[in-house]
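What the coordinates show
Residue strings, one per chain:
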Amino acid sequence: MILRSTSCWVLVTLVALGRSTQPSAPEPVSAPLRELPWGQLNFLHTTDTHGWHAGHLQEPSFTGDWGDYISFAQRLHAKADNEGRDLLLIDTGDRIEGNGLYDASDPKGLYTRAIFKEQHIHVICTGNHELYHKASSDNEYLSTVPNSHGNYLASNLDIIDPNSDERVPLAPRFKKFTTKNQGIRILAFGFLFDFKGNANNTIVEPVEKTVRQRWFLEAIHDREVDLFLVVGHVPLDSSEFPTIFKAIRQVQWDTPIQFFGGHTHIRDYLEYDSKAYGLESGRYMETIGFMSITGLSTGGQSSTRPPVAEAIRSSPKFARRYIDNNLYSFHHHSFLNSTTFPTAHGRNVTAMIALARKDLKLDHRFGCAPQDLWTNRAPFPHQKSIFSWLQVQVLPDVVSETTRKDVPRLVIVNTGGIRFDIFKGPFTIDTTYTVSPFTSRFRYIKDVPFQTAKRLKRILNQNVPQLVEIPHELATHLPVSSRTQAAAFEGSRESSDLNYGLANQMPLSSENDLPLIPGYTTHDAAGSDGDDTIHSPIKFYTVPNVIESRVAFPTSEAGDAEDPEKVDLVYIDFIEPYILRILKFLGTGYEIGDTEAYMEGKQLTELISEWVEGNWGGDC
Ligand SMILES: *[C@@H]1O[C@H](CO)[C@@H](O)[C@H](O)[C@H]1NC(C)=O
Ligand SMILES: *[C@@H]1O[C@H](CO)[C@@H](O)[C@H](O)[C@H]1NC(C)=O
Ligand SMILES: *[C@@H]1O[C@H](CO)[C@@H](O)[C@H](O)[C@H]1NC(C)=O
């Protein structure tokens with residue numbers, strides 16, 4: 001018995017060391033691909049990875065892990081060096097929170113920081129998620145910044161140094177560097193959008209203010225620059241990037257500018273003018289963004305020429321591609337195969353990740369999902385909707401306070417608290433972190449007249465701005481360790497999230513006979529040919545802000561539900577301010593003092609995993 005399990009373990013370890021991608025990941029599926037538009041200067045871009053550095057273990061399109069990305073970057077660097085091109089790697093923040101690989105360790109991030117730093121990234125900045133807690137921003141300052149060898153930039157971000165208690169820039173404001181193969185002179189900045197939800201040990205300066213600072217104006221007056229590179233945890237169509245664009249254009253009317261953005265979790269591409277473009281590369285290690293520019297001046301030649309001649313001489317061309325993060329794409333784009341593609345370094349990091357997942361027991365199984373359950377790929381209500389599953393099966397079963405289990409109750413849950421789909425197959429510790437990475441708990445108000453309580457759902461779902469408007473910085477979901485999360489998130493920007501559902505464009509290529517698999521079909525400012533993998537579109541549905549379950553309602557003798565006179569109004573703590581505001585609007589006198597914890601201490605996430613254990617047990 002002992003012998004057997006020992007040899008099994010050795011086998012698992014060998015497999016982990018020998019292969020690329022995580023051991024339990026499915027094989028990527030062959031699909032028709034568009035080539036990478038290589039240029040003079042090329043970029044690979046990641047953003048909003050949120051701890052998914054092991055890749056997606058249940059979705060073949062996104063199974064590449066951070067080790068595979070390291071192999072990929074090494075192979076593309078070799079190609080660039082051979083051909084005299086340059087290649088730079090960019091990461092624009094929100095590296096943490098949202099996946100067990102980050103969240104399940106104590107302290108959080110114990111494994112991911114060591115894994116992340118293995119990739120050599122040329123320009124990196126902070127996301128809002130790194131700043132919600134003092135511990136995570138201190139980790140950036142004390143660990144990720146020094147690990148980044150001068151490549152971490154913080155143009156509008158300060159921190160209180162935990163050792164000296166002094167306010168200092170989290171990292172250098174900007175850097176100027178010259179590319180290895182062509183001597184392209186680049187001036188780079190690293191921004192964060194005007195975020196206000198940070199812990200009080202960091203200070204985010206509004207971008208409007210930063211662009212008027214003396215250091216910034218001096219930096220952008222430098223004429224010895226071939227390209228301005230502005231990376232930021234900033235949506236491309238926000239007000240912040242245009243502010244930076246205008247500030248640079250006022251003093252450099254003609255120098256090309258490349259923006260890299262993030263935060264909204266979408267694939268996106270935007271033109272600011274004919275020499276200034278921006279790329280955003282999705283979320284959760286689903287996408288590796290590829291960008292190229294051709295026609296840049298290369299060091300010193302441009303400054304002596306008159307501006308008009310320069311404009312005529314150089315009209316740079318910009319091109320983009322969104323690479324599905326899997327080995328099929330990586331092999332194709334590097335012209336290699338499963339034998340020749342992985343590098344020793346990439347394999348090492350894949351093995352590091354497998355070991356971390358093992359230590360964290362992320363594959364510990366609570367049960368086995370009998371079918372896929374979707375957040376946005378099914379309408380609500382629907383038999384395949386994760387919200388219908390919660391409403392009909394889970395909530396009535398688990399939301400029950402011992403002392404009031406017979407009291408009729410209305411249970412209101414915000415859909416923004418559920419972050420990801422459930423896939424048919426193992427439901428593991430990892431699944432709980434990806435589906436519901438929040439510390440949501442239930443609270444309630446006793447004995448609310450049913451006629452009042454039943455009006456809440458409609459109002460919450462109407463987006464009455466003064467009642468339920470969600471602050472911009474909460475519009476992407478907050479993590480397990482946070483007290484807050486987005487309620488009215490679905491149906492706002494996220495409806496363009498995967499650009500799913502915009503199906504009026506047919507991407508089928510007749511020269512290729514491979515069957516199309518469903519996935520990203522992105523429509524951006526440059527058209528519909530951005531995705532490397534040609535997919536069939538997935539229909540995308542908006543869902544209501546909240547769902548409601550009615551539990552322990554009285555029934556008539558005929559078995560029909562009857563209206564109770566009073567109910568316990570039970571809701572997720574995050575939406576309490578909205579609930580109280582609406583109750584006030586409805587003319588009731590409820591105050592914060594009338595609210596109490598319901599099922600003290602229990603988190604929605606735990607309740608879900610307990611339900612799965614009790615109802616979905618057995619083998620997959
Ligand atoms: C910062 O927040 C912490 C925790 O909430 C609090 O204890 C501390 O007093 C605050 N410091 C300042 C300077 O506001
Ligand atoms: C990969 O390519 C190499 C060199 O072209 C070849 O020798 C090898 O058999 C290929 N391996 C696979 C798995 O196709
Ligand atoms: C891979 O890991 C081994 C063992 O930790 C180490 O000796 C080796 O230098 C690493 N190789 C690379 C390329 O990182």
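As the structure is a computational prediction, the values presented were derived from the model and not from experiment.

Things to note about the overall build of the protein chain
- The helix and strand tally for the protein chain stands at 18 helices and 23 strands.
- Counting all 620 residues of the protein chain, 59% fall into the buried class.
- Within the protein chain, contacts between residues at least 6 apart in sequence are counted, and of these 78% link residues at least 24 apart.
- Entry remark: accessible area of the protein chain is about 24,500 Å², with carbon and sulfur atoms responsible for 52%.

Quick look at the side chain of serine 155
- Its place among the elements puts serine 155 in the loop between helix H5 (134-147) and strand E4 (157-160).
- If we skip the residues at most four places from it in the chain, serine 155 touches Arg173, Phe189, Gly190, Phe191, Thr210 and Trp215.

Section: the sheet that holds strand E1 (residues 41-46)
- Within the open sheet, the five strands sit side by side as E3-E2-E1-E13-E14. Their pairing is mixed. Strand pairing shows two members of the sheet lacking a second neighbour, strand E3 (123-124) and strand E14 (317-324), which therefore form its edges.
- Bridge count between strand E13 (residues 287-294) and E14: eight bridges; the pairing is antiparallel. Looking at E14, one finds that threonine 287 is bridged to aspartate 324.

Examining the pattern of salt bridges
- Scanning all chains against the criterion turns up 30 salt bridges.
- The residue glutamate 83 makes a salt bridge to lysine 79 at a minimum N-O spacing of 3.1 Å. Remark: lysine 79 and glutamate 83 occur in helix H2 (residues 66-83); sequence separation between them is four residues, near one turn of the helix.
- We classify glutamate 83 as partly exposed; its relative accessible area is 39%.
- Relative accessible area serves as the criterion here: at 18%, lysine 79 is assigned to the buried category.
- The salt bridge involving lysine 180 is made with aspartate 81; its shortest N-O contact spans 3.0 Å. Here lysine 180 is found in the loop between strand E6 (174-178) and strand E7 (185-192), whereas its partner aspartate 81 is found in helix H2, with 99 residues between them in sequence.
- Under the relative-accessibility criterion, lysine 180 is labelled exposed at 60%.
- What emerges from the salt-bridge pattern is a single network uniting Asp91, Arg95, Glu130 and Glu140.

Concerning helix H11 (residues 344-359)
- Given a rise of 1.5 Å per residue, 16 residues ought to cover 22 Å, and the 23 Å separating the end C-alpha atoms of H11 matches this to within 8%.
- Within H11, the full set of buried residues consists of Gly346, Val349, Thr350, Ala351, Ile353, Ala354, Ala356 and Arg357.
- Once H11 ends, the next one or two residues include lysine 361, with phi positive near 55°.

Regarding the site of ligand 3
- Close contacts around ligand 3 come from Ala344, His345 and Asn348, and that covers them all.
- Relative to its free-state accessible area of 360 Å², ligand 3 is covered by the protein chains to the extent of 28%.

Points about the confidence of the model for the protein chain
- Scored by pLDDT, the protein chain has a mean of 87; 86% of the residues are at 70 or more.
- Low pLDDT, under 50, characterises residues 1-18; the predicted model gives this stretch eight contacts beyond four residues in sequence or across chains.
- Contacts for the low-pLDDT stretch residues 301-312, under 50 throughout, to residues beyond four places or in other chains number 16 contacts.

A word on the packing of aromatic side chains
- One pass over the structure, following the stated rule, counts 33 aromatic pairs.
- Through a chain of ring-to-ring contacts, three or more aromatic side chains come together here, namely Trp52, Tyr284, Trp374, Phe420 and Phe423.
- One residue, lysine 175, lies across the ring of phenylalanine 177, its end atom 4.3 Å from the ring centre.
- Across the ring face of tyrosine 520, the terminal group of arginine 267 is positioned such that the distance to the ring centre comes to 3.8 Å.

Focus: the nonpolar core
- In terms of nonpolar packing, the biggest core is built from 130 residues, with Leu44, Trp66, Ile244, Trp389, Phe442 and Leu569 touching the most fellow members.
- If you count residues domain by domain, this core takes at least three from each of domain 1 (37-359) and domain 2 (365-476 + 542-615).
- Beyond its immediate stretch of four places on either side in the chain, isoleucine 244 contacts Phe191, Val207, Val211, Phe216, Val230 and Phe259.

Topic: the environment of tyrosine 284
- When you line up the elements, tyrosine 284 lands in the loop between strand E12 (276-281) and E13.
- Discounting chain neighbours no more than four positions away, the residues touching tyrosine 284 are Thr47, Asp48, Thr49, His50, Trp52, His56, His265, Arg419 and Phe420.

Points about the packing of helix H12 (residues 386-398) against helix H18 (residues 604-615)
- In contact at an axis separation of 10 Å, H12 and H18 are set at 95° when each is read in the N-to-C sense. In this view, H12 runs roughly perpendicular relative to H18, as classed from their interaxial angle. Contacts between H12 and H18 involve Trp389, Leu390, Gln393, Val394, Leu395, Asp397 and Val398 from the first element and Leu604, Leu607, Ile608, Trp611, Val612 and Asn615 from the second.
- Looking at side-chain class alone, the contact of H12 with H18 contains 10 nonpolar, two polar and one charged residues.

Focus: the environment of glutamate 565
- Examined against the element boundaries, glutamate 565 turns out to sit in the loop between strand E21 (546-551) and strand E22 (566-572).
- Considering only alpha carbons, one finds glutamate 565 and phenylalanine 450, 115 residues apart in sequence, at a separation of 5.6 Å.
- When residues no more than four places from it in sequence are discounted, the contact partners of glutamate 565 are Val448, Pro449 and Phe450.

Notes on helix H10 (residues 327-334)
- With respect to burial, H10 is a largely interior element, six of its eight residues being buried.
- Measuring from the side-chain oxygen of the N-cap residue of H10 to the backbone nitrogen of tyrosine 328 gives 2.9 Å; that N-cap residue is asparagine 326.
- Just downstream of H10, phenylalanine 335 is the residue with a positive phi angle, here 55°.

Things to note about the packing of H2 against H10
- For the pair H2 and H10, the least separation of the axes is 10 Å and the interaxial angle reads 10°. Classified by the angle their axes make, H2 and H10 are roughly parallel. Residues Asp68, Tyr69, Phe72, Arg75 and Leu76 of H2 form the contact with H10, whose participating residues are Leu327, Phe330, His333 and Ser334.
- Class assignment for the residues of the contact of H2 with H10 results in five nonpolar, two polar and two charged.

Considerations on the sheet that holds strand E23 (residues 595-597)
- One open sheet holds the five strands; their spatial order is E21-E16-E22-E18-E23, and the pairing between them is mixed. Each end of this open sheet is capped by a strand with a single partner; those strands are E21 and E23. Sheet twist, expressed as the mean angle between neighbouring strand axes with direction ignored, is 25°.
- With three bridges connecting them, strand E18 (residues 442-449) and E23 associate as antiparallel partners.

Definitions and cut-offs
- Residues numbered from 1 in each chain as written.
- Chains lettered and ligands numbered in written order.
- Predicted model: local features only at pLDDT ≥ 70, side-chain atom pairs only at ≥ 80, totals over all residues.
- Heavy atoms only, no water.
- Helix = DSSP H or I, 4+ residues; strand = E, 2+ residues; numbered from the N terminus.
- Buried < 20%, exposed > 50% of the residue type's maximum accessible area, 1.4 Å probe, protein only.
- Contact = heavy atoms within 4.5 Å.
- Areas by Shrake-Rupley, 256 points an atom, 1.4 Å probe, with all protein chains shown as cover.
- Pairing = 2+ DSSP bridges.
- Salt bridge = Lys/Arg side-chain N within 4 Å of Asp/Glu carboxyl O.
- Expected span 1.5 Å × (residues − 1).
- Near = heavy atom within 4 Å.
- pLDDT = per-residue confidence, 0-100.
- Phe/Tyr/Trp six-rings, centres within 6.5 Å; stacked < 30°, edge-to-face > 60°.
- Lys NZ or Arg CZ within 6 Å of the ring centre and 35° of its normal.
- Core = buried A, V, L, I, M, F, W, Y, C linked by side-chain atoms within 4.5 Å.
- Domains from an automatic or database assignment.
- Axes fitted to C-alpha atoms, helices over the stretch in contact; angles between N-to-C directions.
- Parallel < 35°, antiparallel > 145°, perpendicular 65-115°, else oblique.
- Nonpolar A, V, L, I, M, F, W, Y, C, P; charged D, E, K, R; others polar.
- Polar contact = N/O pair within 3.5 Å; in protein donor to acceptor, adjacent residues only side chain to side chain.

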